[in-house]
Amino acid sequence: FVGKNIYLMAIRTTPSTEMSAGLTADGKIEGVNVSDAVTLVDYENITVTDEDVSTDEQVQKDIDKLLEEYQEIDYDVSLAIADGDKVNIDYVGTIDGVEFEGGNSNNAGYDLTIGSGSFIDDFEQQLIGSHPGDNVTVDVTFPEDYQDEAVAAKDAIFEVTVNGIYKAPAFDDAFLEKHGLATEEITTADEYRASIAKKYYETNLREFLSNYIIENSTVNTYPKDYVKIMKATTKANDEATMNYYSQVFASSGMQASTNVWEMAGEDSELAYEKALVGRAQDTVKQAMVYQAIFEKAGLTIDIEAAKAEMNETNGDETYADSMIEDYGEGYFAQNAIRDAVLDYL
């Protein structure tokens, strides 16, 4: 036990938020010849298939989410409630034939998603298969620990009227026009879909290229000093994440992780410190691969242009300067190198 603690004291990482430590002002790793440290993949001859950068699933997910926001209630009596449907109902609840407080919707209409677990017992499931206009008798039992002790653990009967079922509208030109989603550049549903696909294509392509060059390049030698620095900043990020969730959980009366290794999914501090080495090396490998391609391809970066682009992307004229103030010039330039390499690829 004593030996283990002495060992932990020797290897324990001191967290640091100095993101530019070990970097030159132009974003390169100090004192490291990256062309010797890594063997690069043949980055000039990368084949990318349609499947590698497919946007179909992402586009449809975005459109489905959009249509869900504009669902309209449908009173067609031929429709049947299915699990996952959003419905509008009214209800009157009784226990031993007597209405109880909070058990009557008073014909105000209540929106309920079937399967959400918003209502007690299997209330929602008993509505499946019914139609708009139907009157359904629902039998349930309140939980023993229900917040209202007057009804806790008691059997109740709800007389439910199904008013309607929400249905997503068709995604067409009329939908865009009706909800003010059409613009001068995008006037049709096909153009809207294409605009979403374009956004995801750029993201997916850059992600594919990034993963490809990292996974298919080989590290010959890790720079020990920079790995140590990355261990320190990684641990600092872990602690910041832990503190954030501690505050969020505390506001909800919940208990968060009390130490950084539990938050990171490790069963001990020793296991965390060992895993931290691998995580730091992964970060260092990425930095070296990007820097090696940057240098071999003869690329350059315009810091002022990079700052202007970042400000425009974030809608804040001071965003880049704030980032440099918080993390340093080296860290900002290192990110600019990464962007320049991906643009080049």
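Residues numbered from 1 in each chain as written. Predicted model: local features only at pLDDT ≥ 70, side-chain atom pairs only at ≥ 80, totals over all residues. Heavy atoms only, no water.

Student: I'd like a rundown of a nonpolar patch on the surface, residues and numbers included.
Tutor: On the surface, a cluster of nonpolar side chains totalling about 300 Å² of accessible area is made up of Y244, Y245 and V248. Counting through the fold element by element, Y245 comes out in helix α6 (residues 224-251). What makes Y245 partly exposed here is its relative accessible area of 42%. (Patch = residues over 30% accessible without salt bridge, like charges linked within 9 Å, V, L, I, M, F, W, Y side chains within 5 Å. Areas by Shrake-Rupley, 256 points an atom, 1.4 Å probe, with all protein chains shown as cover. Salt bridge = Lys/Arg side-chain N within 4 Å of Asp/Glu carboxyl O. Helix = DSSP H or I, 4+ residues; strand = E, 2+ residues; numbered from the N terminus. Buried < 20%, exposed > 50% of the residue type's maximum accessible area, 1.4 Å probe, protein only.)

Student: Tell me about the packing of helix α10 (residues 319-327) against helix α11 (residues 329-344), and name the residues and values.
Tutor: Where α10 meets α11, the closest approach of the two axes is 6 Å, and the angle between their N-to-C directions is 125 degrees. Between α10 and α11, the angle is such that the two are oblique. Each of A320, M323, I324 and Y327 in α10 lies in contact with α11, whose residues at this interface are E329, Y331, F332 and N335. Grouping the constituent residues of the contact of α10 with α11 by class yields six nonpolar, one polar and one charged. (Axes fitted to C-alpha atoms, helices over the stretch in contact; angles between N-to-C directions. Parallel < 35°, antiparallel > 145°, perpendicular 65-115°, else oblique. Contact = heavy atoms within 4.5 Å. Nonpolar A, V, L, I, M, F, W, Y, C, P; charged D, E, K, R; others polar.)

Student: Help me get a handle on the environment of L176, residues and values and all.
Tutor: Checked against the element boundaries, L176 lands in helix α4 (residues 173-178). In this structure the C-alpha to C-alpha distance between L176 and A189, which are 13 residues apart in sequence, comes to 7.0 Å. Contact partners of L176, with chain neighbours within four places excluded, come to F171, L181, A182, T187, T188, A189 and Y192.

Student: Quick one: what's the story with the nonpolar core, residue by residue and with numbers?
Tutor: Across soluble globular proteins, nonpolar side chains have a tendency to be buried as a group. Judged by nonpolar contacts, the single largest core of 22 residues is most densely connected at I89, F123, L127 and F158. Every element with two or more residues in this core is listed here: β3 (86-95), β6 (135-141) and β7 (155-167). The element contributing the most residues to this core is β7, with five residues. F158 has contacts with Y91, V92, G93, F100, G103, F123, V136, T137, V138, V140 and F142, leaving out every residue within four places of it along the chain. Counting 17 residues, the second-largest nonpolar core is a separate cluster that includes L209, I213, F294 and L342. (Core = buried A, V, L, I, M, F, W, Y, C linked by side-chain atoms within 4.5 Å.)

Student: Now, about unusual backbone geometry: what can you tell me, with residues and values included?
Tutor: Notably, N106 is not glycine yet its phi reads approximately 55 degrees, a positive angle. Relative to the elements of secondary structure, N106 occurs in the loop between β4 (98-104) and β5 (110-113). Take N106: its relative accessible area is 60%, and that puts it in the exposed class. The phi dihedral of D121 falls on the positive side, at around 50 degrees, and the residue is not glycine.

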